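Structural overview
Each chain, written out:
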Amino acid sequence: MLTSEIAKAAGVTAETVRFYTRKGLLSATKDPNNGYKIYPNSALDRLRFISHARNIGFSLGQIEEIIEYSQKGKTPCPTVRQMLCEKISETKQKIIEYQQHLELMEETYAEWELEPDMIPDGKAICCLIEDWSGKHSKTESQEIQNED
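Everything in this summary refers to the structure shown in the same document. Remember, it's a predicted structure, so these values are computed and weren't measured experimentally.

Attention shifts here to the overall build of the chain. Of the regular secondary structure elements, the chain holds six helices and two strands. The secondary structure elements of the chain, listed N-terminal to C-terminal, are α-α-β-β-α-α-α-α. On C-alpha atoms alone, the chain measures out to a radius of gyration of 25 Å, which is more than a quarter above the 15 Å that the 2.2 N^0.38 rule sets for 148 residues. Overall size of the chain, expressed as C-alpha extent along the three principal axes, is 70 × 40 × 25 Å. Entry remark: accessible area of the chain is about 11200 Å², with carbon and sulfur atoms responsible for 54%. Seen as two clouds, the 18 positive and the 24 negative side-chain charges of the chain have centres 16 Å apart.

Now the structure itself:
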């Protein structure tokens, strides 16, 4: 299969196929007549595997590690479970951080809704952000001091 054919069959872009090939996750031979890359049918299975793993949340480095285990005749399943468990913990933490950030943005927006629009005076760029920065820089400094 040509690059465009394998990409279409797997539902990815041709550039994705080229990128994975450069990373060593896929391999192809060159057609001596035109220099085009030719992928074996097994590359389609590999490409689908990579796409599924990426959709679950595995990084390319983790996928490489999983493939290496398999190629050495070892089961990657315990490692995959552990990686996914860690990814779940990381994702839960990110959700908490995003929720906190969303709350901050909503509070800030509620404060700004009632603020008048100011014309730049050459000193300030946007009074909303600058006033916010002044209020919250003090709060952050105080929080850091309280933690010590």
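The rest of the description comes next.
Here we take up helix α2 (residues 14-22). Within α2, burial applies to V17, Y20 and T21. Angularly, the buried residues of α2 cover 105° about the axis, an arc narrow enough to put them on a single face. On its buried face, α2 is in contact with α1 (3-10), β2 (37-38), α3 (41-56) and α4 (60-71). G24 lies just past α2 and shows a positive phi near 85°.

Attention now moves to the environment of K8. Structurally, K8 can be placed in helix α1. K8 sits 88 residues away from I96 along the chain, and the two C-alpha atoms are 37 Å apart.

Attention shifts here to the packing of aromatic side chains. Using the criterion set out here, one finds one aromatic pair in the structure. Relative to Y20, the ring of F19 has its centre 6.0 Å away and its plane inclined at 50°; by these criteria the two rings are tilted. On the basis of relative accessibility, which here comes to 34%, the residue F19 falls in the partly exposed class. For Y20, a relative accessible area of 7% gives the class buried.

Attention now goes to the pattern of salt bridges. All told, the structure shown has three salt bridges when counted by the stated rule. E15 serves as the salt-bridge partner of R22, at 3.0 Å between the closest nitrogen and oxygen. Accessibility expressed as a relative area gives 56% for R22, which makes it exposed. One salt-bridge network, in which partners are shared between bridges, spans E15, R18 and R22.

Taking 1.5 Å of rise per residue, 16 residues should cover 22 Å, and α3 covers 24 Å from first to last C-alpha, within 8% of that figure. Taken together, the buried positions of α3 are A43, L44, L47, I50, S51 and A53. Contacts from the buried residues of α3 go to α1, α2 and α4. At the C-terminal side of α3, G57 shows a positive phi close to 130°.

About the criteria used
Residues numbered from 1 in each chain as written. Predicted model: local features only at pLDDT ≥ 70, side-chain atom pairs only at ≥ 80, totals over all residues. Heavy atoms only, no water. Helix = DSSP H or I, 4+ residues; strand = E, 2+ residues; numbered from the N terminus. Rg over C-alpha atoms; globule rule 2.2 N^0.38 Å. Areas by Shrake-Rupley, 256 points an atom, 1.4 Å probe, with all protein chains shown as cover. Lys, Arg positive; Asp, Glu negative; His and termini not counted. Charge placed at Lys NZ, Arg CZ, Asp CG, Glu CD. Buried < 20%, exposed > 50% of the residue type's maximum accessible area, 1.4 Å probe, protein only. Arc of directions from axis to C-beta. Contact = heavy atoms within 4.5 Å. Phe/Tyr/Trp six-rings, centres within 6.5 Å; stacked < 30°, edge-to-face > 60°. Salt bridge = Lys/Arg side-chain N within 4 Å of Asp/Glu carboxyl O. Expected span 1.5 Å × (residues − 1).

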